[in-house]
Amino acid sequence: MKEFLKSDLKYIYSWTLTKKIQNAWIKGFPNDRFLYRSEGYEVLPFINRYLRTRTIKNLAAFQMIEKIIQFGLTKSIASHAKIKEWLDNNLIR
């Protein structure tokens, strides 16, 4: 499956090395882990993981999910699990 890259993102992010290291171990969508929406090392792998679960491979879908994460979710939807749940329930199947 195609992995999208930093250059595929439309918005500006911080790229903090400690977030890259912390994010490397994340598997799945933990409920106890918050997604820092301004951090590229968090957003990029999250979207790639999510697209793998849906077997979606196109750039338009990648960028739509990125936009939803940045502007379409309330602050109360913050954990990896809650964001995945919201996407699962609200995206066209």
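Details of the structure are given in the entry above.
Residues numbered from 1 in each chain as written. Predicted model: local features only at pLDDT ≥ 70, side-chain atom pairs only at ≥ 80, totals over all residues. Heavy atoms only, no water.

As for the overall build of the chain
Looking only at helices and strands, the chain features 4 helices and 0 strands. Helices and strands in the chain line up, N terminus first, as α-α-α-α. Here the C-alpha coordinates of the chain stretch approximately 35 × 30 × 25 Å along the principal axes. Considering the chain as a whole, with its 93 residues, one finds that 42% of them fall into the buried category. Restricting to contacts in the chain with at least 6 residues of sequence separation, those with at least 24 account for 66%. A gap of 2 Å separates the mean positions of the 17 positive and 8 negative side-chain charges of the chain. (Helix = DSSP H or I, 4+ residues; strand = E, 2+ residues; numbered from the N terminus. Buried < 20%, exposed > 50% of the residue type's maximum accessible area, 1.4 Å probe, protein only. Contact = heavy atoms within 4.5 Å. Lys, Arg positive; Asp, Glu negative; His and termini not counted. Charge placed at Lys NZ, Arg CZ, Asp CG, Glu CD.)

Some points on the packing of helix α2 (residues 40-54) against helix α4 (residues 80-90)
Two numbers describe how α2 lies on α4: the axes approach to 12 Å, and their chain directions differ by 45°. Taken as axis vectors, α2 and α4 run oblique relative to one another. Viewed along their axes, α2 and α4 form a crossing whose handedness is right-handed. Residue-level inspection shows E42, F46, R49, Y50, T53 and R54 of α2 in contact with α4, the latter providing H80, I83, K84, L87 and D88. Here the contact of α2 with α4 is composed, by residue class, of 4 nonpolar, 2 polar and 5 charged. (Axes fitted to C-alpha atoms, helices over the stretch in contact; angles between N-to-C directions. Parallel < 35°, antiparallel > 145°, perpendicular 65-115°, else oblique. Left-handed = near helix turned anticlockwise from the far one by under 90°. Nonpolar A, V, L, I, M, F, W, Y, C, P; charged D, E, K, R; others polar.)

Overview of the pattern of salt bridges
In total, this model carries 6 salt bridges according to the counting rule given. Between E3 and R52 there is a salt bridge whose closest N-O contact spans 2.3 Å. Of the two residues, E3 is situated in the segment before α1 (17-23) and R52 in helix α2; the sequence distance between them amounts to 49 residues. Among the salt bridges present, the one from K82 reaches E85, with a minimum N-O distance of 4.0 Å. Taken together, the residues span about one helical turn, with K82 and E85 both in helix α4 at a distance of 3 residues. (Salt bridge = Lys/Arg side-chain N within 4 Å of Asp/Glu carboxyl O.)

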